[in-house]
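Analysis of the macromolecular model
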Amino acid sequence: MPAGIFCIENWSAHLGARNSVHPLLEFLELDRTARIRHQRVESRKEVRHYLARFEGKRRYDICYLAMHGEEGEVRVGSEALDLWDLTSGRERSGERPTFLGAQSMSDGTDQPETPFNFRGQFLYLASCSTLASGAHAELIRQWTGAIAVCGYSKPVDWYEAAGFDVMLLSAVAEAMAMKNTRAGLERRLTKLRKRLGNTFLDETLGFVCVPDWR
């Protein structure tokens, strides 16, 4: 069975905005590379709601967040969602980690939370500059248990990023459909990096992936 891609998308606060990665996902689905679930969102609350829906779903093991971003956060319309609130799930006792640099909970309280459990799942933050601090990707991976975390550390061109997203998601989907997922990911992402070259990935896109398979 093909791997499943769960896409959460927002590019604008305007309801009439037509920008969408949905045609890219349809291409992957028509080619039988992946099964697709595409969800537009309009608020931070909806992003977290659908991340909770994605959590632990073996039928959809790739999360593709398609939205604007800045260093350390994603943008949902005019709202910002920092990486702490993006990856935190339920309440727990103990101290809040400081590695994401957030100062308060999104609901205005200081009650710390536990992370979403993305163990065995793949998280792709396809938003400009969100992973500008390279350490964030590794810390998110450790925090959520994701098999890998990828994204961009720079502002990217829409068309260059869209073309790369198709290549990356197809490679990841092929690997996630295998029994030996981690080895499959390493082979395919190493091959993709060699094909595209470090200049394009590192300098043009600022692509970040942990583990850093080269």
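See the structure above.
To start, this report covers the structure provided alongside it. Predicted, not measured: the structure shown is a model, and the values here were computed from it.

This part is about the packing of aromatic side chains. Here the structure, examined in full by the defined rule, presents 10 aromatic pairs. Seen from their ring centres, Tyr 64 and Tyr 124 are 5.6 Å apart, and the 10° between their planes marks the pair as stacked. Linking Tyr 64 in strand E3 (residues 62-70) with Tyr 124 in strand E8 (residues 122-126), this pair joins segments that are 60 residues apart in sequence. A relative accessible area of 0% places Tyr 124 in the buried class. Between Phe 116 and Phe 118 the ring centres are 5.6 Å apart and the planes differ by 15°, which places this aromatic pair in the stacked class. Residue classification places Phe 116 among the buried positions, given a relative accessible area of 4%. One aromatic cluster in this structure is built from Phe 6, Phe 54, Tyr 60, Phe 116 and Phe 118. Here the basic side chain of Arg 35 rests over the ring of Tyr 60, its NZ or CZ set 5.2 Å away from the ring centre.

Okay, unusual backbone geometry next. In this chain, Val 210 is followed by Pro 211 through a cis amide linkage whose omega measures -5°. Secondary-structure assignment places Pro 211 in the segment after strand E10 (207-210). For Arg 32, which is not glycine, the phi dihedral falls at a positive 60°. Assignment of secondary structure puts Arg 32 in the loop between helix H1 (22-30) and strand E2 (34-40). By relative accessible area, Arg 32 is classed as exposed at 73%. Here Ser 129, not a glycine, exhibits a phi torsion of approximately 70°, which is positive.

What follows covers the pairing of strand E4 (residues 73-76). Successive residues of a regular strand alternate their side chains across the two faces of the sheet. Summarising the sheet, E3 and E4 pair through three bridges and their orientation is antiparallel. What sits directly across from Gly 69, in E4, is Val 74. With antiparallel pairing between neighbouring strands as the criterion, E3 and E4 make up a hairpin whose turn holds two residues, including Gly 72 at a positive phi of roughly 80°. Pairing between E4 and strand E5 (residues 79-82): four bridges, direction antiparallel. Looking across to E5, one finds that Val 74 is bridged to Leu 81.

Procedures and definitions
Residues numbered from 1 in each chain as written. Predicted model: local features only at pLDDT ≥ 70, side-chain atom pairs only at ≥ 80, totals over all residues. Heavy atoms only, no water. Phe/Tyr/Trp six-rings, centres within 6.5 Å; stacked < 30°, edge-to-face > 60°. Helix = DSSP H or I, 4+ residues; strand = E, 2+ residues; numbered from the N terminus. Buried < 20%, exposed > 50% of the residue type's maximum accessible area, 1.4 Å probe, protein only. Lys NZ or Arg CZ within 6 Å of the ring centre and 35° of its normal. Pairing = 2+ DSSP bridges.

Everything listed here is a matter of geometry and, on its own, says nothing about what the molecule does.
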